[in-house]
Amino acid sequence: GRGREVETGMPATALVLFSGGQDSAVCLAWALERFARVETVGFGYGQRHSVEMDVRAPIRRKIAALRSEWAQRLGDDHVVQLDALAATMESFSAAS
């Protein structure tokens, strides 16, 4: 979000929903260009094909390496596990 601005005149922080896919990688680069600090969040919900979750860290490193100022701005990565959601979705699918 748009918090208070830091000395550079940039908004202070942003949180980017980052799956590791192409669209979220573009969103991450966009935020790194415009915010002083950017953190990422991803959601693990028992995906059958977890390749995007597996490549999140390497893609974050590669994006940070593109520009030194991006590396300085890129903050923590957070993963929220939603295993209960996966179980609910599976039971709903089985009932259908």
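Rules used in this analysis
Residues numbered from 1 in each chain as written. Predicted model: local features only at pLDDT ≥ 70, side-chain atom pairs only at ≥ 80, totals over all residues. Heavy atoms only, no water. Phe/Tyr/Trp six-rings, centres within 6.5 Å; stacked < 30°, edge-to-face > 60°. Buried < 20%, exposed > 50% of the residue type's maximum accessible area, 1.4 Å probe, protein only. Helix = DSSP H or I, 4+ residues; strand = E, 2+ residues; numbered from the N terminus. Contact = heavy atoms within 4.5 Å. Pairing = 2+ DSSP bridges.

1. Considering the packing of aromatic side chains
Then comes step 1: In total, this model carries 1 aromatic pair according to the counting rule given.
Then comes step 2: Ring geometry for W30 and F35: centres 6.3 Å apart, planes at 55°, overall tilted.
Then comes step 3: Judged by its relative accessible area of 42%, W30 falls in the partly exposed class.

2. Observations regarding the environment of T40
Then comes step 1: The residue T40 is located in strand β2 (residues 37–44) in this model.
Then comes step 2: Separated by 36 residues in the primary sequence, T40 and D76 place their C-alpha atoms 6.6 Å from one another.
Then comes step 3: Discounting chain neighbours no more than four positions away, the residues touching T40 are L15, V16, F18, L28, R56, R60, D76, D77 and H78.

3. Overview of the pairing of β2
Strand residues, when the strand is regular, have side chains that alternate between the two faces of the sheet.
Then comes step 1: Pairing geometry for strand β1 (residues 13–17) and β2, over 5 bridges, is parallel. Bridge pairing in β2 places L17 opposite V41.
Then comes step 2: For β2 and strand β3 (residues 74–81), the ladder comprises 6 bridges, and the chain directions are parallel. Of the residues in β3, the one forming a bridge with G42 is V79.

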